[in-house]
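Residue-level listing of the chains:
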Amino acid sequence: MNFNNVRFERSFGTSAQLPPSTAPEVAFAGRSNVGKSSLLNKLFNRKGLAKVSQTPGKTATINFFDGDGVRFVDLPGYGYAKVSKSEKERWSELIEGYFNQDRAFALVVSLIDIRHAASDLDVNMVNFLREADLPFVVVLTKADKLSRQQQNKQKAALKRQLELGADTPLVVTSSAKGDGMDELRSIIKEAVA
Ligand code: GDP
């Protein structure tokens, strides 16, 4: 597949609106502000494809992107404290609703900020993916904010905290510098092949 040919398809505000799964799906999940939109734009070489927010906690939607027979799914960023209870409920409905459907889950990309320990919600997400036996990869974002030595230290610490086995790839990325993009693209290609 060609990562430069990915187009925005549609946004959905409830999981009931999601059309049936007709292609292998690669879903992206992570905390609000983890750098998910920036990563999508870098991965697909398109500046405005996913909206990068100045302020976290934008409206929860699931966004579908289409790329040569692969569907990319941008799940709403979770864990932003300053949103209303109803918005948090909408977030859970969307994410749980998505994963509860009968869909062609090819890969889930779980994004975590490399600078911090994983939050409870990050741990829940990884535990859920493992228990549901979904294929997933952990992507550490914003690596350019740390030195190479700190990156390695955090990578090891997060691998321990999340209890990742040798079969779960952990990719260190920077959307600002481009680090890790080729590695992530090859993992995605393999997952949808
Ligand atoms: P989202 O809420 O997960 O979609 O996160 P965004 O992509 O909107 O990014 C949140 C903030 O982090 C923005 O201010 C971005 O410019 C910044 N950011 C995202 N990725 C990187 C990165 O790789 N390096 C640095 N230094 N900043 C980043």
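Residues numbered from 1 in each chain as written. Predicted model: local features only at pLDDT ≥ 70, side-chain atom pairs only at ≥ 80, totals over all residues. Heavy atoms only, no water.

## Here we look at the pairing of strand β3 (residues 62–67)
Where we set the bar: For every residue, the accessible area obtained with a 1.4 Å probe (protein chains only) is divided by the maximum for its type, and the residue is called buried under 20%, exposed over 50%, and partly exposed between those limits. Secondary structure elements follow DSSP: runs of H or I no shorter than four residues count as helices, runs of E no shorter than two count as strands, and numbering proceeds from the N terminus. Strands pair, by our definition, only if DSSP identifies at least two bridges between them.
Along β3, 5 of the 6 residues are buried, which leaves the element largely enclosed by surrounding structure. As defined by bridge partners, strand β1 (residues 7–12) adjoins β3 across 5 bridges and the pair is classed as antiparallel. In the sheet register, F12 faces β3, and the bridge partner there is I62. In this structure, β3 lies alongside strand β4 (residues 70–74), joined through 5 bridges in antiparallel fashion. Each residue of the ladder has a partner; that of N63, found in β4, is D74. Between β3 and the antiparallel strand that follows it, β4, lie 2 residues; D68 among them carries a positive phi value of about 45°.

## Regarding the sheet that holds β4
Applicable threshold: Only the stretch in contact is used when a helix axis is fitted, and all axes are lines through C-alpha atoms; the angle between N-to-C directions ranges over 0 to 180 degrees. Whether two residues touch is decided by their heavy atoms; if any such pair falls within 4.5 Å, the residues are in contact.
Strand order in the open sheet formed by 7 strands is β1-β3-β4-β2-β5-β6-β7, with mixed pairing between adjacent strands. Because the sheet does not close on itself, it has two edges, and the strands there are β1 and β7 (170–172). The mean angle between the axes of side-by-side strands here comes to 20°, regardless of whether they run parallel or antiparallel. Pairing of strand β6 (residues 136–141) with β7, which is carried by 3 bridges, proceeds in the parallel orientation. Note on β7: the bridge partner recorded for V138 is L170. Its contacts with the sheet place helix α2 (residues 85–100) against β1, β2 (25–30), β3, β4 and β5 (105–113), and it is angled at close to 150° to β5. Across the face of the sheet, helix α3 (residues 120–131) comes into contact with β2, β5 and β6 while running at roughly 160° to β5.

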